[in-house]
Amino acid sequence: MAISIREAAQIVPSDRQAAWQELEFYGFIHFTVNTFRDREWGDGSESPAEFAPSALDARQWAEVARDAGMKGVILTCKHHDGFCLWPSAYTDHSVQSSPWRGGRGDLVRETAEACREYGLKFGIYLSPWDRHERSYGDSDAYNDFFVNQLQELLTGYGEIFSVWFDGACGEGPNGKKQVYDWDRYYETIRRHQPGAVISVCGPDVRWCGNEAGHTRTAEWSVVPGSLRDNEKIQAESQTEDDGTFASRINSDEDDLGSRAVIEQANELVWYPAEVNTSIRPGWFYHASEDEQVKSADALMDLYERAVGGNSCFLLNLPPDRRGLLHERDVSELRELGRRIRETYGNDLAAGASVTASTFRPEHEGRQTTDGDPQTWWEAEEGAEQAILDIEWKQEQTFDRIVLTEQILRGQRIEAFEIEVLDENGNGSNIHRGTVVGHKCICRLESSQTARRLRVIIVQSRLNPTLRQVGVYQSCR
Ligand code: FUL
């Protein structure tokens, strides 16, 4: 049964997806025995004795993440090598057998507490692929083991905002391929942390399809349900060894949700994108990459493309052997945070007058500039095109325009244009765009100075909504 475009426009996020989308930008921390071996993937034979950070301070990670503008942190509690950063009762391959903090440390706890102290959400990465655990490959036994570990993390460390599942999978010591019991994993997470999204190999958040930080030009949050199933199936086929940037999931096609795709689908789901990449070439720290830390310029570009491309941005920050973020990374991240705050902290449209060509009662144009995220403009039913005129008393100079849809009403806008108007009301085009979704940052090639701005919704799937029209001048 074909699905109509109107039905597609009425698919909405779950509460947990909507809350997650608001975070926009959060960090990944990749840290384990690999850090001390200069490796990207461990093979499980590492000795816990190797895990010996000399000056580990999770509060430094959290402080830098907060200063960079992040709203949360996801920690690799266990990577493919199987070493646990918490004292799991189900294995001795953990911090408990390491010299760090005399074997009494719990890095999951330290990180969760530091996040709380700095006002950040906390998330967990738990690799299903475990190259150390003997029961791996003995499917039922390992699934019990994995669920037990998952339960320790879900019940012992307060609120978790994201459970990030990588689907890498291999054979166990018995020569058999492990069959993951995804449904049981998901059910365990829902039971203990109903507010957490399950990301990548999970039903709530979709991997963008690359690890370089690229975002599609039109990133749809409503996509065919088959894509969500594929995330699991295809992810399981990865066996590549020690690939820093192994590609896993075949969802890198450019068009996941246009009308043409929707018309072919049997089922549609709200499945929004997360863009992940590392501040360095690798996911783990390597001293040899100290000169390859991404600059604040490059990070700002990635941030604006991802967050401003209807995605959340997950940026990896790998601590070094001291257990600290390296000075290089810290200074680029602080500069990134400054730019985000200085650019997006000052909305020139705040309080500007707005006239909409069409609106529903109580959803008038001015609600796009009232600074209240709970209110929104909405065109009358049946209107799929609209014009919003924004007007100031004095001229303003700007080079960024932010549009946000009220996604609780669905993702509806398919094409829009922006013009500046002269004093006679003649418009000149300064931007053309496609999807909006949670957030679209329009980056103008050069600054514009104008007293009147026009947003033209050219095509929508249903009467369009806008929660915000923001206007900003980027800082250097
Ligand atoms: C990949 C892993 O194999 C990498 O080591 C890293 O954790 C990345 C985020 O996901 O699939």
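Counting restarts for each chain: residues are numbered from 1 in the order of the written sequence. Residue-level local features of this predicted model are given only where pLDDT is at least 70; pairs of side-chain atoms are given and counted only at 80 or more, and the full residue set underlies all totals for whole chains, interfaces and linings. Note: side-chain values were computed over all heavy atoms of the structure, leaving out hydrogens and water.

Focus: the packing of aromatic side chains
Here is the rule we go by: Each pair of aromatic rings taken from Phe, Tyr and Trp, with Trp reduced to its six-membered ring, is defined by centres within 6.5 Å and is described as stacked if the planes are under 30 degrees apart, edge-to-face if over 60, and tilted in the remaining cases. The rule for a charge over a ring is simple: NZ of Lys or CZ of Arg within 6 Å of the ring centre, and within 35 degrees of the ring normal.
Under the defined criterion, the tally for this structure stands at 28 aromatic pairs. By the ring-pair criterion, three or more aromatic residues cluster together here, those being Tyr136, Tyr142, Phe145, Phe146, Phe165, Tyr180, Trp182, Tyr185 and Tyr186. Cation over ring: Arg461 sits above Trp220, and NZ or CZ is 3.6 Å from the ring centre.

Structural notes on the packing of helix H6 (residues 139–156) against helix H7 (residues 182–192)
As a reminder of what qualifies: Lines are fitted to the C-alpha atoms to define the axes, a helix being fitted only along its stretch in contact, and any angle between axes, read from their N-to-C directions, falls within 0 to 180 degrees. Numbered from the N terminus, helices here are DSSP runs of H or I no shorter than four residues, and strands are runs of E no shorter than two. The scheme is simple: roughly parallel for angles under 35 degrees, roughly antiparallel for over 145, roughly perpendicular for 65 to 115, oblique for anything else. The handedness criterion is simple: a crossing whose near helix is rotated anticlockwise from the far helix by less than a right angle is left-handed, and one whose near helix is rotated clockwise is right-handed. Any two residues whose heavy atoms approach within 4.5 Å are treated as being in contact.
Where H6 meets H7, the closest approach of the two axes is 10 Å, and the angle between their N-to-C directions is 20°. Relative to H7, the element H6 is oriented roughly parallel. By crossing handedness, the relation of H6 to H7 is classed as right-handed. Residues Asn143, Asp144, Phe146, Val147, Leu150, Gln151, Leu154 and Thr155 of H6 form the contact with H7, whose own contacting residues are Arg184, Tyr185, Thr188, Ile189, Arg191 and His192.

Quick notes on the site of the ligand
Short version of the rule: Here, proximity means that at least one heavy atom of the residue falls within 4 Å of the molecule or strand. In protein, a polar contact means a hydrogen-donor-capable atom and an acceptor-capable atom, both N or O and within 3.5 Å, with residues adjacent in sequence counting only if both atoms are side-chain atoms; elsewhere, any N or O pair within 3.5 Å suffices. Residue burial considers only the protein chains on display, and all accessible areas are found by Shrake-Rupley using a 1.4 Å probe.
Close to the ligand lie eleven residues, the nearest being His30, Trp41, His79, His80 and Asp166. Within the contact set of the ligand, an oxygen atom lies 2.9 Å away from a side-chain nitrogen or oxygen of Trp41. Between the ligand and Asp166, the relevant distance is 2.4 Å, taken from an oxygen atom to a side-chain nitrogen or oxygen of the residue. When the ligand is considered free in solution it has 290 Å² of accessible area, and contact with the protein chains removes 99% of it.

Focus: the nonpolar core
This is how the line gets drawn: Among buried residues, the Ala, Val, Leu, Ile, Met, Phe, Trp, Tyr and Cys ones that are joined through side-chain atoms within 4.5 Å form a nonpolar core. Note on classification: 1.4 Å probe, protein chains only; a residue is buried when its accessible area is under 20% of the maximum for its type, exposed when over 50%, partly exposed between these limits. Domain ranges listed in this record stem from an automatic or a database domain assignment.
The biggest cluster of nonpolar side chains holds 79 residues, and the ones touching the most others in it are Phe51 and Phe165. For this core, the element with the highest residue contribution is H6, accounting for seven residues. Here this core spans two domains, since at least three of its residues come from each of domain 1 (5–344) and domain 2 (353–472). Contact partners of Phe51, with chain neighbours within four places excluded, come to Phe31, Thr32, Val33, Phe36, Phe83, Leu85, Val95, Ser98, Pro99, Trp100 and Leu107. Core analysis: the second largest hydrophobic core is formed by 31 residues, Val354, Ile401, Leu403 and Phe416 among them.

Side note on the pattern of salt bridges
Quick reminder of the rule: By salt bridge we mean one thing: a side-chain nitrogen of Lys or Arg within 4 Å of a carboxyl oxygen of Asp or Glu.
Counting across every chain of the model gives 42 salt bridges. Residue Glu159 pairs with Lys121 through a salt bridge whose shortest N-O separation is 3.3 Å. You can see Glu159 sitting in the loop between H6 and strand S4 (162–165) and its partner Lys121 sitting in strand S3 (residues 121–126), a full 38 residues away along the chain. On the basis of relative accessible area, Lys121 is assigned to the partly exposed category, the value being 34%.

Considering helix H11 (residues 327–344)
We apply this condition: Here the expected span of a helix is defined as 1.5 Å times the quantity of residues minus one.
In this model, H11 (18 residues) spans 26 Å end to end at C-alpha, consistent with the 26 Å of a helix rising 1.5 Å per residue. Among all positions in H11, only Asp329, Val330, Leu333, Leu336, Gly337, Arg339, Ile340, Thr343 and Tyr344 are buried.

Section: the sheet that holds strand S5 (residues 197–200)
For clarity, the cut-off: In this analysis, strands are considered paired if DSSP registers two or more bridges between them.
Spatial strand order, S5-S4-S3-S2-S1-S10-S9-S6: eight strands in an open sheet with parallel pairing. Unpaired on one side and paired on the other, S5 and strand S6 (206–207) mark the two borders of the sheet. Two strands pair when backbone bridges link them, and strand S9 (residues 273–278) and strand S10 (residues 311–316) are joined in this way by six bridges, in the parallel orientation. Looking at the pairing, Asn276 lines up with Leu314 of S10. Contacts from H7 reach S4 and S5, with the element oriented near 165° to S4.

Observations concerning the pairing of strand S15 (residues 427–433)
Relative to S15, strand S14 (residues 413–421) runs antiparallel, the two being bridged by six bridges. In the sheet register, Phe416 faces S15, and the bridge partner there is Gly433. Between S14 and S15, which pair antiparallel and follow one another directly, the connecting turn spans five residues, one of which, Gly425, has a positive phi of 85°.

Describing the domain arrangement of the protein
The criterion, for reference: For any pair of parts, buried area is found by adding up, for both, the accessible area (1.4 Å probe) each one loses once the two are put together.
Here the domain parsing of the protein yields domain 1 (5–344) and domain 2 (353–472). If you average the C-alpha positions of domain 1 and of domain 2, the two centres end up 34 Å apart. Tallying the contact residues gives 32 residues for domain 1 and 26 residues for domain 2. Between domain 1 and domain 2, the buried area comes to about 2400 Å², and carbon and sulfur atoms account for 53% of it. When residues of domain 1 are sorted by the area they lose upon contact with domain 2, Ala9, Trp220 and Tyr344 head the list and together hold 24% of the total. Counting across the interface, domain 1 meets domain 2 through seven salt bridges. The residue Arg443 makes a salt bridge to Asp301 at a minimum N-O spacing of 2.9 Å. Our count for the domain 1 to domain 2 interface comes out at 14 residue pairs in polar contact (both at pLDDT 80 or more). Contributions of two or more residues to the side of domain 1 that touches domain 2 are made by helix H1 (5–8), helix H2 (15–23), helix H9 (259–264), helix H10 (296–307) and H11.

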